[in-house]
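Structure at a glance
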Amino acid sequence: MYGFEAMTFNIHGGYLEAIVRGHRSGLLTAADYNNLCQCETLDDIKMHLTATEYGPYLQNEPSPLHTTTIVEKCTLKLVDEYKHMLCQATEPLSTFLEYITYGHMIDNVVLIVTGTLHERDVQELLEKCHPLGMFDSIATLAVAQNMRELYRLVLVDTPLAPYFSECITSEDLDDMNIEIMRNTLYKAYLEDFYRFCQKLGGATAEIMSDLLAFEADRRAVNITINSIGTELTRDDRRKLYSSFGLLYPYGHEELAVCEDIDQVRGVMEKYPPYQPIFSKLSYGESQMLDKAFYEEEVKRLCLSFEQQFHYGVFFAYMRLKEQEIRNLMWISECVAQNQKSRVHDSVVFIF
Amino acid sequence: MLGLFIFIENMISFELFYMEHINLIQKTEFGPLEYLMDEENEGANTQPSTMEAEDKTLVFVDSLDDYLIIIQTLSSTLRQGWLELASARHSMGASRINTALLSLKHHSAATTVELDYYENAGSTTKSPQFSLCKWTSTDDENSSLKKENMEEDEQLKENPSSRDSENQESSLESSKGSETTASPHKTENHKERSKVLSVFGTLVSPKLRASQLSFETALETLVEIANVRSSILETHDTLVKDMKNTKE
């Protein structure tokens, strides 16, 4: 039941909602993507993007361009927009905005730990970290030998500290433990974000519940598919699924025992929201599943803008922007590799 | 992967040098192939040797054609591999697939190339023969394992959808445990593949596994190219020698 947000939301959130809706109208359209897909070189892409809101970030980049440069500069724009919104936000919106970046923080922690395990230079690893997930003591992650040290030396003072309770062990860090740590942290983060949104109530709780439930379900499917043929046991796999979402708990029980993509399909087709996604795929195929999930996610994110006076628009905008950057990355790779016929394999139009 | 790229670059530059060399031989030493037809007109005494030379020339040209086809196959396999890698990076994210995660720890190569020399029939020279030893990081050089690898790879090439089902097969093997019909070598190969891929994490996208298979196929094609080139050079040398003898 909504709580008369229309009367009080604009006092603290009106300005930023207007800002984020303005940013939303700056997202690339299908016409922009069609122009970009016809580019012959990365310099052509740069020329087209200079005419968009990415202009100031790309115009001074020297040729020859690299695909990672385009992605880096587009990400920089997202970071600037986010930081502007964060510094203008008051509670509880500021906490909500911080929650959006915890996923990137987890990715950065795992990147540093994995790279250190592989004897890589910390500076090199820091350059590869996502800017939205940076925190002050991130460089000291390199000194930790196990998860207990990781927590005690570095992460206890970060927002990820509460998520570590489930995965603190004294076992040395190796590839499997790191993977389990990544997924356990992400599971704890999603559940915590879900509880926070439920506490906010109103339209925010309703819209964010739907979006986060979809995220949890998609994670469950990806974990299942990626763990097929690996040493991850069924019990370990089950432990990585979040405890909310449409698939919780019966779908998770069925997914935990799946041993091929067709069994996963059989489980997911029982759920009406996911049946159209899997009906597009042919039997035994998993290549187009990512694109199908992204398309569904974009549809739900765009719908969140149809309602006012809730925080879901901020989450939706950040995710739509990340999708746009993924699209640009894919188009750039296809152009750089002279594979323009494959460009529509992974581009998801937003409008 | 960088080593693979450098190897390919060297092979392609050598190929260009070699093709120029062939053109030069045709233009300066032997002239066009009509020279061989002129040989036919000289009389019955020279006919068998001319036919033999024609046969060898045909073999040589066929080998060149095969060689060019294999080069094209390599190019398309590499293109596919790079695109699959980009697709995996798109799916998993740039923080999970990047060069900063490659291990700098000292470790043995997962795959090695062996070079043997064998003597040709009717010739005093020895020709090199390259062979690939895949997934030998455990120092197991059992030749039956190599044969299993090659058979498995041929099956994978014939059936692209079995790239997904390969993982499923191995998972069935490991979960059932007592399956005796599945080859233990296939499971070993799968473990070695997963071990190599674990630099990017244990739970990786099927797209990354597909790109790994593409690059594996490209490596096999490279070895095949090296062997075909060795046989072309050998045929060419024989041809040149025969031509010189005929001239004398």
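A few points on the structure. (Residues numbered from 1 in each chain as written. Chains lettered and ligands numbered in written order. Predicted model: local features only at pLDDT ≥ 70, side-chain atom pairs only at ≥ 80, totals over all residues. Heavy atoms only, no water.)

**Overview of the overall build of chain A**
Formally: Think of it this way: any DSSP run of H or I at least four residues long counts as a helix, any run of E at least two long counts as a strand, and we number them from the N terminus. C-alpha atoms define the radius of gyration in this analysis, and the globule rule sets the expected value at 2.2 Å times the number of residues to the power 0.38. Exposed residues in this analysis have more than 50% of their type's maximum accessible area, buried residues have under 20%, and partly exposed residues fall in between, with area computed by a 1.4 Å probe over protein chains only. Any two residues whose heavy atoms approach within 4.5 Å at even a single point are treated as in contact. In these tables, accessible area is a Shrake-Rupley quantity obtained with a 1.4 Å probe, and a residue counts as shielded only by the protein chains included in the view. This count recognises Lys and Arg as positive and Asp and Glu as negative, with His and chain-terminal groups excluded. A single reference atom marks each charge: NZ on Lys, CZ on Arg, CG on Asp, CD on Glu.
A tally of regular secondary structure across chain A gives 17 helices and 0 strands. Its C-alpha atoms give chain A a radius of gyration of 21 Å, near enough to 20 Å, the size a compact globule of 351 residues would have. A buried classification covers 58% of the 351 residues belonging to chain A. In chain A, the proportion of contacts linking residues at least 24 apart, taken out of those at least 6 apart, comes to 63%. When the accessible surface of chain A is totalled, it reaches about 14,900 Å², and 52% of it is carbon and sulfur. Computing the positive centroid from 31 side-chain charges and the negative centroid from 52, chain A places the two 3 Å apart.

**Some details on the state of the cysteines**
Heads up, the rule is: Note that a disulfide, as used here, is simply two cysteine sulfur atoms within 2.5 Å.
Within the structure shown, the criterion is met by 0 disulfides over all chains. Between Cys197(A), a cysteine without a disulfide, and Cys302(A), which holds the nearest cysteine sulfur, the sulfur-to-sulfur distance is 19 Å.

**Details of the interface of chain B and chain A**
For the record, the criterion: What gets called buried area is simply the loss in accessible area from a 1.4 Å probe that two parts show on being joined, summed for both. By salt bridge we mean one thing: a side-chain nitrogen of Lys or Arg within 4 Å of a carboxyl oxygen of Asp or Glu. Polar contacts, as used here, are pairs of N or O atoms within 3.5 Å; protein pairs need one atom able to donate a hydrogen and one able to accept it. Residues neighboring in sequence count only if both atoms are side-chain atoms.
Residue-level contacts link 37 residues of chain B with 45 residues of chain A. Of the roughly 3,700 Å² buried where chain B meets chain A, counting both sides, 53% is carbon and sulfur surface. When the buried surface of chain B facing chain A is broken down by residue, Leu83(B), His90(B) and Leu203(B) rank first, second and third, together holding 22% of it. The tally of links between chain B and chain A comes to 2 salt bridges. Taking the shortest distance from any N to any O, the salt bridge between Asp290(A) and Lys207(B) comes out at 3.2 Å. One can count 16 residue pairs in polar contact (both at pLDDT 80 or more) joining chain B with chain A. For the side of chain B that touches chain A, the secondary structure elements donating two or more residues are helix H3 (47-92), helix H5 (162-176) and helix H7 (206-247) of chain B. It is H3(B) that contributes the most residues to the side of chain B that touches chain A, 9 residues altogether.

**Topic: unusual backbone geometry**
Residue and element names in this part refer to chain A. Between Ser63 and Pro64 the backbone carries a cis peptide bond, its omega angle lying at 0°. Mapped onto the elements of the fold, Pro64 is located in the loop between helix H5 (55-58) and helix H6 (67-88). Note that the residue after Tyr248, namely Pro249, is joined by a cis bond; omega there is 0°. Structurally, Pro249 is set in the loop between helix H12 (234-240) and helix H13 (250-256). In the Ramachandran plot, Glu119 falls in the positive-phi region, its phi being about 60° despite a non-glycine side chain. Position of Glu119 relative to the elements: it lies in the loop between helix H7 (93-117) and helix H8 (122-128). Even without being a glycine, Asn338 presents a positive backbone phi close to 60°. For Asn338, the location among the structural elements is in the segment after helix H17 (312-336).

**Quick word on the environment of Val221(A)**
Residue and element names in this part refer to chain A. When you line up the elements, Val221 lands in helix H11 (residues 202-227). Note on Val221: relative accessible area 0%, which makes it buried. Separated by 123 residues in sequence, Val221 and Glu98 place their C-alpha atoms 26 Å apart. Beyond its immediate sequence surroundings of up to four residues, Val221 is in contact with Leu247, Leu255, Val264, Met268, Phe278, Leu289 and Phe293.

**Some points on the side chain of Asp290(A)**
Relative to the helices and strands, Asp290(A) is located in helix H16 (residues 289-304). Asp290(A) sits in the buried class, given a relative accessible area of 13%. In this structure Asp290(A) touches Asn222(A), Ser91(B) and Lys207(B), once residues within four positions along its chain are discounted.

**Things to note about the environment of Leu141(A)**
Residues and elements named next belong to chain A. On the secondary structure map, Leu141 appears in the loop between H8 and helix H9 (147-154). On a C-alpha basis, the gap between Leu141 and Leu153 in space is 7.9 Å, while along the polypeptide they are 12 residues apart. The residues contacting Leu141, other than those within four sequence positions of it, are Val109, Ile112, Phe135, Leu150, Val154 and Leu155.

**With respect to the nonpolar core**
Note the following rule: Joining through side-chain atoms within 4.5 Å is the link that ties buried Ala, Val, Leu, Ile, Met, Phe, Trp, Tyr and Cys residues into a set, and such a set is a nonpolar core.
Ranked by internal contacts, the top residues of the largest apolar core, which has 106 residues, are Phe96(A), Phe193(A) and Phe314(A). Core analysis: the next-biggest nonpolar cluster, separate from the first, contains 26 residues, Ala256(A), Val267(A), Leu289(A) and Phe293(A) among them.

**What about helix H2 (residues 14-24) of chain A?**
What H2(A) keeps buried is the set Gly14(A), Leu16(A), Glu17(A), Val20(A) and His23(A). For H2(A), the elements touching its buried residues are helix H1 (5-12), H6, H7 and H17 of chain A.

**With respect to the packing of helix H10 (residues 175-200) of chain A against H11(A)**
Residues and elements named next belong to chain A. Under the convention used in this document: Each axis is a line fitted through C-alpha atoms, and for a helix only the stretch in contact is used; angles between axes span 0 to 180 degrees, taken between their N-to-C directions. Every angle not falling under 35 degrees, over 145, or within 65 to 115 is termed oblique; those three ranges are roughly parallel, roughly antiparallel and roughly perpendicular. Here a crossing is taken to be left-handed if its near helix is turned anticlockwise relative to the far helix by less than a right angle, and right-handed if that turn runs clockwise.
Packing of H10 against H11 brings their axes to within 8 Å, and their N-to-C directions diverge by 165°. With respect to H11, the element H10 is oriented roughly antiparallel. Read as a crossing pair, H10 and H11 show a hand that is left-handed. Counted together, Asn183, Tyr186, Lys187, Leu190, Phe193, Tyr194, Cys197, Gln198 and Leu200 of H10 and Gly202, Thr204, Ala205, Met208, Ser209, Leu212, Glu215, Ala216, Arg219 and Ile223 of H11 form the full contact between these two elements.

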